[in-house]
Amino acid sequence: MSLQELKEQACKLSVSDRLALISAVIQSLQDTPQMDNWQYLVARPHSWRKQLYIKGRKLLASTVWQDMMVNQMSPEEAAENWDLPISAIYEAISYCESHQELLKLESDEERHRLEAKGVPLESTNAA
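Residues numbered from 1 in each chain as written. Predicted model: local features only at pLDDT ≥ 70, side-chain atom pairs only at ≥ 80, totals over all residues. Heavy atoms only, no water.

## Notes on the overall build of the chain
In step 1: Scanning the chain from terminus to terminus reveals six helices and two strands.
In step 2: Counted from the first residue to the last, the chain has its helices and strands arranged as α-α-β-β-α-α-α-α.
In step 3: Per-residue burial for the chain yields a buried fraction of 31% across its 127 residues.
In step 4: Relative to all contacts within the chain whose residues are 6 or more apart in sequence, the contacts with residues 24 or more apart total 50%.
In step 5: Here the chain has roughly 8700 Å² of accessible surface; of this, 53% comes from carbon and sulfur atoms. (Helix = DSSP H or I, 4+ residues; strand = E, 2+ residues; numbered from the N terminus. Buried < 20%, exposed > 50% of the residue type's maximum accessible area, 1.4 Å probe, protein only. Contact = heavy atoms within 4.5 Å. Areas by Shrake-Rupley, 256 points an atom, 1.4 Å probe, with all protein chains shown as cover.)

Structural data, given as structure tokens:
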């Protein structure tokens, strides 16, 4: 079964079943031993989020990476913006680029949790 076919099957599930499936996949990724040694990134306790944070901050590595992409920042600009060493920025980029499956799963999990709570995710303002 292709990834696209699997995604289509998952979309047919109820929200609670999708949450359970995503949680199970995240748990299986968590159980996989990590061989990476990071200088600036660290795991933090969280009920379902397993991606790494910037050491000493409540800041996800993916937040820095996504901010760079959205705002078209260079690593140097991101380092200045987040008050981080440039090597921490490069480490966050490397981590996020090599862990995109986990980041996507967690993004989907967060979206489903917000939808389950009734939080509107799309803009309803007429332009």
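## What to know about the packing of aromatic side chains
In step 1: What the rule picks out here adds up to one aromatic pair.
In step 2: Judged by centre distance (5.5 Å) and plane angle (90°), the ring pair of Trp 38 and Tyr 95 falls under edge-to-face. Of this pair, Trp 38 sits in the loop between α2 (15–31) and β1 (41–42) while Tyr 95 sits in helix α5 (residues 86–98), placing them 57 residues apart in sequence.
In step 3: With a relative accessible area of 21%, Trp 38 lands in the partly exposed category.
In step 4: The aromatic ring of Tyr 53 is capped on one face by Arg 44, whose charged end is 5.3 Å from the ring centroid. (Phe/Tyr/Trp six-rings, centres within 6.5 Å; stacked < 30°, edge-to-face > 60°. Lys NZ or Arg CZ within 6 Å of the ring centre and 35° of its normal.)

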